[in-house]
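Commentary on secondary and tertiary structure
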Amino acid sequence: MNSSATAPGAAPGSGASPGVAGAAAVLDLSAAELAGAELAGADLGGADLGGGMLGGTVLRGAVLVGADFCRAHLEGAVLDGADLTGASLVKAVLDDASLRHTKLDGADLGSAELSDTDARQASLRGARLHGAALLGTLLQGADLTRASLKETSFGTVVDKHTVVQGLSGSVYGPMTVERDGRRDEVGGRAMELWLNGRGADVRVIDPDARDITYYAKIGEGCPRSSPRGVVRRRFLDGVSYDEAFTHNLRWEATEYLRLYELGHNEVDHVEITEAEVDAFVAAVTAKIGEQP
C-alpha cells in the first residue's frame, strides 16, 4: 500500500490510496488482519477496529478521531502524529508502539497495555487511564493535563517538560524522573510530591497496605493444590474489587464472587495464601510460555 495514503475524499490525483479509501468507507474493520500495513495519513475516523491485529502497522499522521480500538493488538505500531482524539483503546495492547506527538485527548485507555511505549510529546489531555499498565513508557514532554488515573501502573519516564496539571487519581509506582542527563527512580511519597508539586492530585498506592483476600476455585479433579483458577477480592478506600488471574497473564475484573454470593454460581472456592497464589501464577505463566 502506498506510504503516502491520503484521507478519503481527497481530490483526484492527490495520491489517495484506493485501499485506504475503501477501508475508511466501510468503517467496520473489527478483527481485521492489518499487521504491518502501511496506512500513513489514512482517514479512519470513527472506524471500528476492535480486536484488530495491527502489530507493526504504520498509522503515522492518520486521522483516527473517535475510532474504536478496543482489545486491538498494536504492538510495535507507528502512530506518530496521529489524531486519536476521543478514541477507545480499552484493553488495547500498545507495547513497544511509537506514539510520539500523537494526539490522544479524551481517549479511553482503560486497562490498556503500554509497556516500553514511546509517547514522548504525546497529548493525553483529559484521557482516561484507569487500570492501564504504563511500564517503561516514555512520557518526556507529554501533556497529561486533566487526565484521569485509577490504580494505574505508572512506571513511566517523565521529565521537567511533562505536564501533569490537573492529573488525578491513584497509581502504583515507582516512576523514573529524567533530569540533568541522569535518571532517578522515584516512588511513594517522593513520587506524590513530584507530581502534586506540578499541579496534579495523585495518590501513590502502597501495595503492602492493601487488604486482599485470595481464593482458589475448586471442584472435582481440581483440588486446592491444583485449582481451576484463582480470584482475589481487594479493598481500596472502602470499595471492593474482584479480579481473576486470566490467561492474559494479568488480573482482570470478574463477577465470580458476586454471583456466588447471589447463588448463581455453583463453582466452589476456598481461601488460600498469597504464596499459593504466587505458585499458581508461576505455573500458568510457564505453561502458556511453552505454547507455540
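First things first, this report covers the structure right here in the doc. Just so it is clear, the model here is predicted, and its values are computed rather than measured. (Residues numbered from 1 in each chain as written. Predicted model: local features only at pLDDT ≥ 70, side-chain atom pairs only at ≥ 80, totals over all residues. Heavy atoms only, no water.)

1. Things to note about the overall build of the chain
Helices and strands together make up the secondary structure of the chain, namely four helices and 13 strands. When each of the 292 residues of the chain is scored for burial, the buried share is 43%. Excluding contacts between residues fewer than 6 apart, the proportion of contacts in the chain whose partners are at least 24 apart in sequence is 19%. Of the roughly 13,900 Å² that the chain leaves accessible, carbon and sulfur atoms contribute 50%. (Helix = DSSP H or I, 4+ residues; strand = E, 2+ residues; numbered from the N terminus. Buried < 20%, exposed > 50% of the residue type's maximum accessible area, 1.4 Å probe, protein only. Contact = heavy atoms within 4.5 Å. Areas by Shrake-Rupley, 256 points an atom, 1.4 Å probe, with all protein chains shown as cover.)

2. Considerations on helix α4 (residues 274-290)
The end-to-end C-alpha separation of α4 is 25 Å, in line with the 24 Å expected for 17 residues at 1.5 Å each. Turning to α4, its buried residues number three or more, namely Val277, Phe280, Val281 and Val284. Projection of α4 onto a plane perpendicular to its axis shows the buried side chains occupying an angular sector of 100°, all on one side. The exposed set on the far side of α4, more than 90 degrees from its buried face, consists of Ala275, Gly289 and Glu290. At its buried positions, α4 is contacted by β9 (211-218), β10 (229-236), β11 (239-245), β12 (251-253) and β13 (268-272). (Expected span 1.5 Å × (residues − 1). Arc of directions from axis to C-beta.)

3. A look at the pattern of salt bridges
Side-chain pairing between opposite charges can occur once the charged atoms of the two side chains come close. As enumerated under the stated definition, the model contains 16 salt bridges in all. Close ionic contact of Asp184 with Arg179 constitutes a salt bridge, the shortest N to O distance being 3.2 Å. Two residues, Arg233 and Asp242, come together in a salt bridge whose shortest N-O distance is 2.7 Å. With respect to burial, Arg233 and Asp242 carry one shared label: buried. Linked through salt bridges whose partners overlap, the residues forming this network are Glu151, Arg232, Arg234 and Glu243. (Salt bridge = Lys/Arg side-chain N within 4 Å of Asp/Glu carboxyl O.)

4. Quick notes on the nonpolar core
Buried together is how nonpolar side chains tend to be arranged in soluble globular proteins. Counting 57 residues, the largest nonpolar core has Leu64, Leu89 and Leu109 as its most contacted members. Elements with a minimum of two residues in this core: β4 (152-158), β6 (175-179), α2 (188-196) and β8 (201-204). In terms of residue count, the dominant contributor to this core is α2 (three residues). Not counting the four nearest positions on each side in its chain, Leu64 is found in contact with Leu44, Gly45, Leu59, Phe69, Leu79, Ala82, Asp83, Leu84 and Ala87. (Core = buried A, V, L, I, M, F, W, Y, C linked by side-chain atoms within 4.5 Å.)

5. Quick notes on unusual backbone geometry
A cis amide bond links Gly173 with the next residue in sequence, Pro174, at an omega value of -5°. Counting through the fold element by element, Pro174 comes out in the loop between β5 (168-172) and β6. With a phi close to 60°, Ser111 is a non-glycine residue in the positive phi region. Within the fold, Ser111 resides in the loop between α1 (18-26) and β1 (128-130).

6. A short note on the sheet that holds β11
Spatially, β12-β11-β10-β9-β13 is the arrangement adopted by the five strands of the open sheet, whose pairing is antiparallel. If you trace the sheet from one side to the other, it starts and ends with β12 and β13, each paired once. The sheet shows a mean angle of 35° between the axes of neighbouring strands, taken without regard to direction. Relative to β11, β10 runs antiparallel, the two being bridged by six bridges. Across the sheet, Leu236 pairs through a bridge with Val239, a residue of β11. In this fold α4 packs onto β9, β10, β11, β12 and β13, with an angle of close to 40° to the strand it touches most, β11. (Pairing = 2+ DSSP bridges. Axes fitted to C-alpha atoms, helices over the stretch in contact; angles between N-to-C directions.)

7. Points about the packing of aromatic side chains
Taken as a whole, this structure holds three aromatic pairs when the rule is applied. Ring centres of Tyr214 and Trp251 lie 6.3 Å apart, and the angle between their planes is 45°; on these two criteria the pair is classed as tilted. Residue Tyr214 is found in strand β9, and its partner Trp251 is found in strand β12; the two are separated by 37 residues along the sequence. By relative accessible area, which is 21% here, Trp251 ends up partly exposed. Look at Tyr256 and Tyr260: their rings are 6.2 Å apart centre to centre, the planes differ by 40°, and that puts the pair in the tilted class. A residue pair is termed a helical-turn pair when its members lie 3 or 4 positions apart in one helix, as Tyr256 and Tyr260 do in helix α3 (residues 256-261) at four residues. By relative accessible area, Tyr256 is classed as buried at 4%. For Tyr260, a relative accessible area of 30% puts it in the partly exposed group. Through a chain of ring-to-ring contacts, the aromatic side chains of Tyr214, Phe245 and Trp251 assemble into a single cluster. (Phe/Tyr/Trp six-rings, centres within 6.5 Å; stacked < 30°, edge-to-face > 60°.)

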